Amino acid sequence: MIPTFTLPLAMNDLLSMVHSRITRAMATKTYDVIVVGSGASGGWVAKELTEKGVEVLMLEAGPPRVPTRDFTEHIWPYQLKYRGFGNQKKLLVDQPVQRLCYACDDYSHQFFVNDHEHPYTFPADKPFMWIRGRQVGGKTFCWARVSYRYSDFEFKAASRDGYGQDWPITYKELEPYYERVENYIGISGSYEGLPQLPDSRFLPPMRLSCGELVAKEIVEKKFGWKLIVDRSANLTVPVNGRPACHYCDQCQRGCFTASYFNSPSVTLPAAARTGRLHLVSDAVVSHVIMTAEGKAAGVAYIDRSTKAAREVRGKIIVLAASALESTRILLNSRSPRFPNGVGNSQSVLGHYLMDHTTLEQGGGTMAPLRSAVREPVGRPCGYIIPKYVNTVGPYRNKNFLRGYYFAGDGRQEVYGHAFSTPGFGREFRDKVRSQIPYSFNVYAQGECLPRHDNYVTLDPEKKDAWGIPALHIHASYGENEHAMAKAMRDHLGEIMDALKLEDRTPPRDELNIFGKNIHECGTARMGNDANTSVVNAYNQVHDVKNVFVTDGACFVTQGCSEPTLTIMAISARAADYIAEQFRKGEL
Ligand SMILES: Cc1cc2nc3c(=O)[nH]c(=O)nc-3n(C[C@H](O)[C@H](O)[C@H](O)COP(=O)(O)OP(=O)(O)OC[C@H]3O[C@@H](n4cnc5c(N)ncnc54)[C@H](O)[C@@H]3O)c2cc1C
Ligand code: SF4
């Protein structure tokens, strides 16, 4: 029988108030704040501002997702026309780039853009993979939920090793906002007291698997590196009315019980409940409207369906459209006063693009764990060996700056084993069940240095389906990333040796394509100096006081950890500042 579900309660509140078209009254009103984008960043800005009494108009380029239509976490392959393999011809035609993302498949392609509608260009020798989710909630429906705080090893990296710039904020300044975000959305994890990976306010951790426990003992004893369970935005206990995870392990397909963080189930309903959030979907923002005096007066957008051009007015504009999309809007906001776009008077806008490097696919099987006894399944996380090089402790490598972590998971490999086992009938079934192999995977993720020559500009010719100039993305990994990859590869091999893995797959020789990690950050970086940065320590554009950029565009460095928890903390902090300045009449 096909199970039936009701909508997550909080999303019900939200869906009932989304406008797919702006009303005449909305078009003539001047809002306190216009927020562009409804993902991780926009959700936090809207929640914090509306709860502080500020009226917010949120414009979102994509449509709302309806759980009963779009969520598929409890769908079985036999319920799908292509049995989970997807309509490859259609995917190849509509989503030739998106389909390369591991999370974009038969069940979840609806959360990813159509590549023809959303083109971008890059030099032939610098391929870039741009994965996007355009809908109310952005990429938070399909993200992997890995959530780590940054530390002063990231915020003050330049002071330690002399490369690049420090952030204008410290860990201590951001700490209360990390706590605020974590207490509200719920992050599970274990307290470890590591200076390079500060503990969050955790919900109880998920458990390491059997193979990971074996690996923990060996890795910690032999190398002195910690091996701990992932820190993840999945609820291991109920939080704020959201039930705990029931471990179906298909989070990239949506979640009927709202047990992992996504903005339409968590932050946006909180904003909606204040009565001060007005959310217009299908509104593709093209540029910020500027006055002759150099202040922002509102934004222009194109209706996604009718392609009609519209304008809305606001006293303050917050761009939270994701790192590269916010920068695209700024670059496209050209006026006589700002001929190169808003925030670009010093030609810094668009530069210092980063995305983590990865060395993928190392692994093998743990022969002693081959067994007929099934291990519990469904845990939506893995393990991590936190950064150990060029931080605290004895490991230093002078061949490169900064560092990397190892991660992966260990689990029984029933289905892969069944596919590769020859035979049929009872004998086949007995063989599959009696000798379940245990696989252990490990990959490395490293820091990408912020370089001026990794940048985006507007493509002079190419436009998207709404006539907005597309981005030209010019990015590649440099000497530092390649030197780091060598160290990653060496140590990854040593880990596989120490674990005595069999049937090994060595890690790939080459680094991933730039962008494939989907942690793109930078291009409108923060700083105290208006000559070398785009926004100040509160995400306010130096050149235009009433424009803010709150997403990952503001990142100065990226460390080797996932960015979204930090994006949310920074967004909450910026919202506090905006509310305070607005109250004082300073903006
Ligand atoms: C498969 C996958 C796995 C990931 N795993 C992790 C992970 O484990 N940990 C982690 O930290 N991060 C992860 N990420 C990255 C994470 O999703 C992003 O860092 C995060 O969503 C960024 O938040 P954001 O609000 O800046 O952007 P988004 O969540 O993308 O939201 C931006 C919103 O702005 C809208 N928008 C864009 N342009 C316009 C426009 N012109 N007008 C109006 N609206 C616009 C978009 O439609 C979207 O809704 C993953 C991403 C993917 C896809
Ligand atoms: S594993 Fe948990 S959080 Fe993920 S979809 Fe299933 S119930 Fe939701």
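Engineer: Any chance you could explain the overall build of the protein chain here in plain terms?
Structural biologist: The number of helices and strands found in the protein chain is 15 helices and 19 strands. Taking 2.2 N^0.38 as the reference for a compact globule, 587 residues should give roughly 25 Å; the C-alpha atoms of the protein chain span a radius of gyration of 24 Å, in line with that estimate. Oriented by its inertia axes, the alpha-carbon framework of the protein chain measures out at about 75 × 60 × 45 Å. Every one of the 587 residues in the protein chain was classed for burial, and the buried ones make up 62%. Of the contacts formed within the protein chain by residues at least 6 apart in sequence, a portion of 73% connects residues at least 24 apart. Put simply, the protein chain shows about 23,400 Å² of open surface, and 53% of that area lies on carbon and sulfur atoms. Taken as two groups, the 68 positive and 63 negative side-chain charges of the protein chain have centres that lie 3 Å from each other.

Engineer: Sorry, what's going on with the domain arrangement of the protein chain here?
Structural biologist: In many analyses, interface size is given as the accessible surface area lost on bringing the parts together. Once the domains are mapped, the protein chain shows domain 1 (25-186 + 261-356 + 451-475 + 520-587) and domain 2 (203-232 + 358-446 + 477-513). One C-alpha centre belongs to domain 1, the other to domain 2; they are set 32 Å apart. If you look at the interface, domain 1 gives 22 residues, while domain 2 gives 22 residues. Carbon and sulfur atoms supply 52% of the area buried between domain 1 and domain 2, which totals about 1,900 Å² over both sides. For domain 1, the biggest contributors to the area lost against domain 2 are Tyr 148, His 356 and Cys 560; these three give 32% of the whole. Here domain 1 and domain 2 share 3 salt bridges between them. A salt bridge links Lys 387 to Glu 154; the nearest nitrogen and oxygen atoms lie 3.1 Å apart. Counting across the interface, domain 1 meets domain 2 through 12 residue pairs in polar contact (both at pLDDT 80 or more). Breaking the side of domain 1 that touches domain 2 down by element, the ones donating at least two residues are helix H6 (152-155) and helix H7 (157-161). With 4 residues, the single largest contributor to the side of domain 1 that touches domain 2 is H7.

Engineer: Whenever I open this one, the site of ligand 2 confuses me. Can you help?
Structural biologist: Within the structure, ligand 2 sits among Asn 234, Cys 245, His 246, Tyr 247, Cys 248, Asp 249, Cys 251, Gly 254, Cys 255, Ser 259, Tyr 260 and Pro 380. Of the residues in the shell around ligand 2, the class split is 7 nonpolar, 4 polar and 1 charged.

Engineer: Sorry, what's going on with the site of ligand 1 here?
Structural biologist: With respect to spatial proximity, 37 residues lie near ligand 1, and among them Ser 41, Glu 60, Lys 139, Ala 144 and Thr 564 are the closest. Ala 61 places a main-chain nitrogen or oxygen 3.1 Å from a nitrogen atom of ligand 1. Contacts to ligand 1 include Thr 564, whose side-chain N or O atom sits 2.7 Å from an oxygen atom. Mapped onto the shell around ligand 1, the elements with two or more residues apiece are helix H3 (40-51), strand S8 (283-290), helix H11 (323-331) and helix H15 (564-583). Top contributing element to the shell around ligand 1 by residue count: S8, with 3 residues.

Engineer: Help me understand the side chain of Ser 41, please; the structure alone is not making it clear to me.
Structural biologist: Looking at the element boundaries, Ser 41 is found in helix H3. Classification of Ser 41 by relative accessible area gives buried; the value is 4%. Once residues within four sequence positions are removed from consideration, Ser 41 is found in contact with Ala 320, Thr 550, Asp 551, Ile 567 and Ser 571.

Engineer: Please explain H11 as it appears in this structure.
Structural biologist: Taken across its 9 residues, H11 has 9 buried, putting it largely inside the fold. Of the positions making up H11, those classed as buried are Ala 323, Leu 324, Glu 325, Ser 326, Thr 327, Arg 328, Ile 329, Leu 330 and Leu 331. Buried positions along H11 lie against strand S2 (30-36), S8, strand S10 (309-319), strand S16 (455-463), strand S17 (469-474) and strand S19 (547-549).

Engineer: Help me understand the packing of H3 against H15 in this model?
Structural biologist: For any two helices packed against each other, the geometry is given by the interaxial angle and the distance between the axes. Packing of H3 against H15 brings their axes to within 8 Å, and their N-to-C directions diverge by 30 degrees. Every pair of crossing elements has a handedness; the one defined by H3 and H15 is right-handed. When H3 is examined against H15, the residues Ala 40, Ser 41, Trp 44, Val 45, Glu 48 and Leu 49 are found in contact with a partner set consisting of Thr 564, Ile 567, Met 568, Ser 571, Ala 572, Ala 575, Asp 576, Ile 578 and Ala 579. Of the residues in the contact of H3 with H15, the class split is 10 nonpolar, 3 polar and 2 charged.

Engineer: I'm lost on unusual backbone geometry in this one. Help?
Structural biologist: If a residue is not glycine, its phi is most likely negative; likewise, a peptide bond is most likely trans. Phi angles above zero are rare outside glycine, and Tyr 247 is one such case at about 60 degrees. Structurally, Tyr 247 can be placed in the loop between strand S6 (228-229) and helix H10 (267-273).

Engineer: Please explain the environment of Pro 127 as it appears in this structure.
Structural biologist: Topologically, Pro 127 is positioned in the loop between helix H5 (88-94) and H6. Judged by its relative accessible area of 38%, Pro 127 is partly exposed. Separated by 349 residues in sequence, Pro 127 and Ser 476 have C-alpha atoms that sit 8.0 Å apart. For Pro 127, the contacting residues outside a window of four places in its chain are Phe 122, Ala 475, Ile 513 and Phe 514.

Engineer: Mind showing me how you'd approach helix H14 (residues 479-498) here?
Structural biologist: For the α-helix, the turn length of 3.6 residues means that residues three or four positions removed from each other point alike. Between its first and last C-alpha, H14 extends 29 Å over 20 residues, near the 28 Å set by a 1.5 Å rise per residue. When we look at burial in H14, the residues that qualify are Asn 480, Glu 481, Met 484, Ala 485, Ala 487, Met 488, His 491, Leu 492, Ile 495, Met 496 and Ala 498. Each element contacted by the buried residues of H14 is listed here: helix H9 (210-222), strand S11 (357-365), strand S12 (383-385), strand S13 (404-408), strand S15 (438-446) and strand S18 (502-505). At the exit of H14 stands Lys 500, carrying a positive phi of roughly 55 degrees.

Engineer: Please explain the packing of aromatic side chains as it appears in this structure.
Structural biologist: A complete count under the given rule lists 30 aromatic pairs for this structure. Summarising the aromatic geometry, the rings of Trp 225 and Tyr 388 are spaced 3.9 Å apart at their centres and angled 10 degrees between planes, so their arrangement reads as stacked. Taken together, the positions of Trp 225 in the loop between H9 and S6 and Tyr 388 in the loop between S12 and S13 put the pair 163 residues apart, joining distant regions of the chain. No difference in accessibility class separates Trp 225 from Tyr 388, as the two residues are buried. Considering the side-chain rings of Tyr 383 and Phe 440, the 5.1 Å spacing of their centres and the 20 degrees angle between planes classify their relative orientation as stacked. Taken as a pair, Tyr 383 in strand S12 and Phe 440 in strand S15 lie far apart in primary sequence, 57 residues in all. Given the relative accessible area of 0%, Tyr 383 is considered buried. When the ring centre of Tyr 107 is taken as reference, the NZ or CZ atom of Arg 253 above it lies at 3.4 Å.

Engineer: How should the nonpolar core be read in this particular structure?
Structural biologist: Taken as a class, soluble globular proteins show a tendency for nonpolar side chains to be buried jointly. Core analysis: the largest hydrophobic core is formed by 131 residues, its most contacted members being Leu 59, Phe 128, Ile 385, Tyr 404, Phe 406, Ile 473 and Phe 555. A domain split of this core shows at least three residues from each of domain 1 (25-186 + 261-356 + 451-475 + 520-587) and domain 2 (203-232 + 358-446 + 477-513).

Engineer: I'm lost on the pairing of S2 in this one. Help?
Structural biologist: For a regular strand, side chains alternate in direction, first toward one face of the sheet and then toward the other. Among the 7 residues of S2, 6 are classified as buried, and the element is accordingly described as predominantly covered. Bridge count for S2 against S10 is 6 bridges, and the pairing is parallel. Of the residues in S10, the one forming a bridge with Tyr 31 is Gly 314. Once the chain exits S2 it traverses H3 before rejoining the sheet at strand S3 (residues 56-59), and the crossover so formed is right-handed.

Rules of the game
- Residues numbered from 1 in each chain as written.
- Chains lettered and ligands numbered in written order.
- Predicted model: local features only at pLDDT ≥ 70, side-chain atom pairs only at ≥ 80, totals over all residues.
- Heavy atoms only, no water.
- Helix = DSSP H or I, 4+ residues; strand = E, 2+ residues; numbered from the N terminus.
- Rg over C-alpha atoms; globule rule 2.2 N^0.38 Å.
- Buried < 20%, exposed > 50% of the residue type's maximum accessible area, 1.4 Å probe, protein only.
- Contact = heavy atoms within 4.5 Å.
- Areas by Shrake-Rupley, 256 points an atom, 1.4 Å probe, with all protein chains shown as cover.
- Lys, Arg positive; Asp, Glu negative; His and termini not counted.
- Charge placed at Lys NZ, Arg CZ, Asp CG, Glu CD.
- Domains from an automatic or database assignment.
- Buried area = accessible area lost by both parts, 1.4 Å probe.
- Salt bridge = Lys/Arg side-chain N within 4 Å of Asp/Glu carboxyl O.
- Polar contact = N/O pair within 3.5 Å; in protein donor to acceptor, adjacent residues only side chain to side chain.
- Near = heavy atom within 4 Å.
- Nonpolar A, V, L, I, M, F, W, Y, C, P; charged D, E, K, R; others polar.
- Axes fitted to C-alpha atoms, helices over the stretch in contact; angles between N-to-C directions.
- Left-handed = near helix turned anticlockwise from the far one by under 90°.
- Expected span 1.5 Å × (residues − 1).
- Phe/Tyr/Trp six-rings, centres within 6.5 Å; stacked < 30°, edge-to-face > 60°.
- Lys NZ or Arg CZ within 6 Å of the ring centre and 35° of its normal.
- Core = buried A, V, L, I, M, F, W, Y, C linked by side-chain atoms within 4.5 Å.
- Pairing = 2+ DSSP bridges.
- Right-handed = clockwise from strand over helix to strand, strands pointing away.

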